[in-house]
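The residues making up each chain are set out below.
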Amino acid sequence: MRPWPEAGRGGAAAAMAMAEKFDSLEEHLEKFVENIRQLGIIVSDFQPSSQTGLNQKLNFMVTGLQDIDKCRQQLHDISVPLEVFEYIDQGRNPQLYTKECLERALAKNEQVKGKIDTMKKFKSLLIQELTKVFPEDMAKYKAIRGEDPPP
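Residues numbered from 1 in each chain as written. Predicted model: local features only at pLDDT ≥ 70, side-chain atom pairs only at ≥ 80, totals over all residues. Heavy atoms only, no water.

We apply this condition: UniProt positions are given in the numbering used here, feature names are shortened, and annotations may be inferred rather than shown by experiment.
As recorded in an unreviewed UniProt entry, the chain goes by Mediator of RNA polymerase II transcription subunit 10 and comes from Lepidothrix coronata. As recorded by UniProt, the Sequence similarities (unreviewed entry) comment attached to the chain reads in full: "Belongs to the Mediator complex subunit 10 family." Per its UniProt entry, the chain bears the Subunit (unreviewed entry) comment "Component of the Mediator complex."

This is the structure:
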């Protein structure tokens, strides 16, 4: 899951630039993880003769962290909802967060649409009933609102 900022008018170009930044970060993270894995192997079977390799891997780690920090600076405007991290902590796929957010938004949209439809029906019925009881006042109301009175 990639947390895309609003694309705006230059949508495709902005999305491509953002994708390149994420790809760069992903590449640096993968290299860093691989260096840590190799460092773990060297440390687990440490021999005095492997000191040079250990020093080299430690230097690669420092360089890797610097590269990751450079990527972080390019992506400073990205915000990730805390719930995504909760999904990850629970061992769930973070893309499920996006799916569930969309499902909740669609459900809420349907609920609000139902309320709007109900209010429109209520308004129509109220106007009909008020017109029966207060015909002159409702004619003035409709004139003010720019609605044509019924024939």
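1. Examining the nonpolar core
Put simply, the rule reads: Within this scheme, the nonpolar core is defined by two criteria: the residues are buried Ala, Val, Leu, Ile, Met, Phe, Trp, Tyr or Cys, and they are joined through side-chain atoms within 4.5 Å. Burial here depends on accessible area, computed with a 1.4 Å probe over protein chains only, as a share of the maximum for the residue type. Under 20% is buried, over 50% is exposed, and the range in between is partly exposed. Helical segments are the DSSP runs of H or I of at least four residues, strand segments are the runs of E of at least two, and each set is numbered from the N terminus.
By size, the foremost hydrophobic cluster in this structure holds 11 residues: Met 18, Phe 22, Leu 25, Phe 32, Leu 39, Leu 54, Met 61, Ile 68, Cys 71, Leu 75 and Ile 78. Broken down by secondary-structure element, the contributors of at least two residues to this core are helix 1 (11-44) and helix 2 (51-74). Broken down by element, this core gets its largest block of residues, five residues, from helix 1.

2. A closer look at the packing of aromatic side chains
The following threshold applies: Two rings belonging to Phe, Tyr or Trp (six-membered ring only in the last case) form a pair when the distance between their centres is within 6.5 Å. Interplanar angles under 30 degrees mark stacking, angles over 60 mark edge-to-face geometry, and anything in between is tilted. Over a ring means this: the NZ of a Lys or the CZ of an Arg is within 6 Å of the ring centre and within 35 degrees of the ring normal.
Applying the stated rule across the entire model yields one aromatic pair. When the centroid spacing of 5.7 Å and the interplanar angle of 80 degrees are considered together, the rings of Tyr 87 and Tyr 97 count as edge-to-face. Taken together, the residues Tyr 87 in helix 3 (residues 82-89) and Tyr 97 in helix 4 (residues 95-133) connect sequence positions 10 residues apart. Owing to a relative accessible area of 9%, Tyr 87 belongs among the buried residues under this scheme. Directly above the aromatic system of Tyr 87 lies the positively charged group of Arg 92, at a separation of 4.1 Å from the ring centroid.

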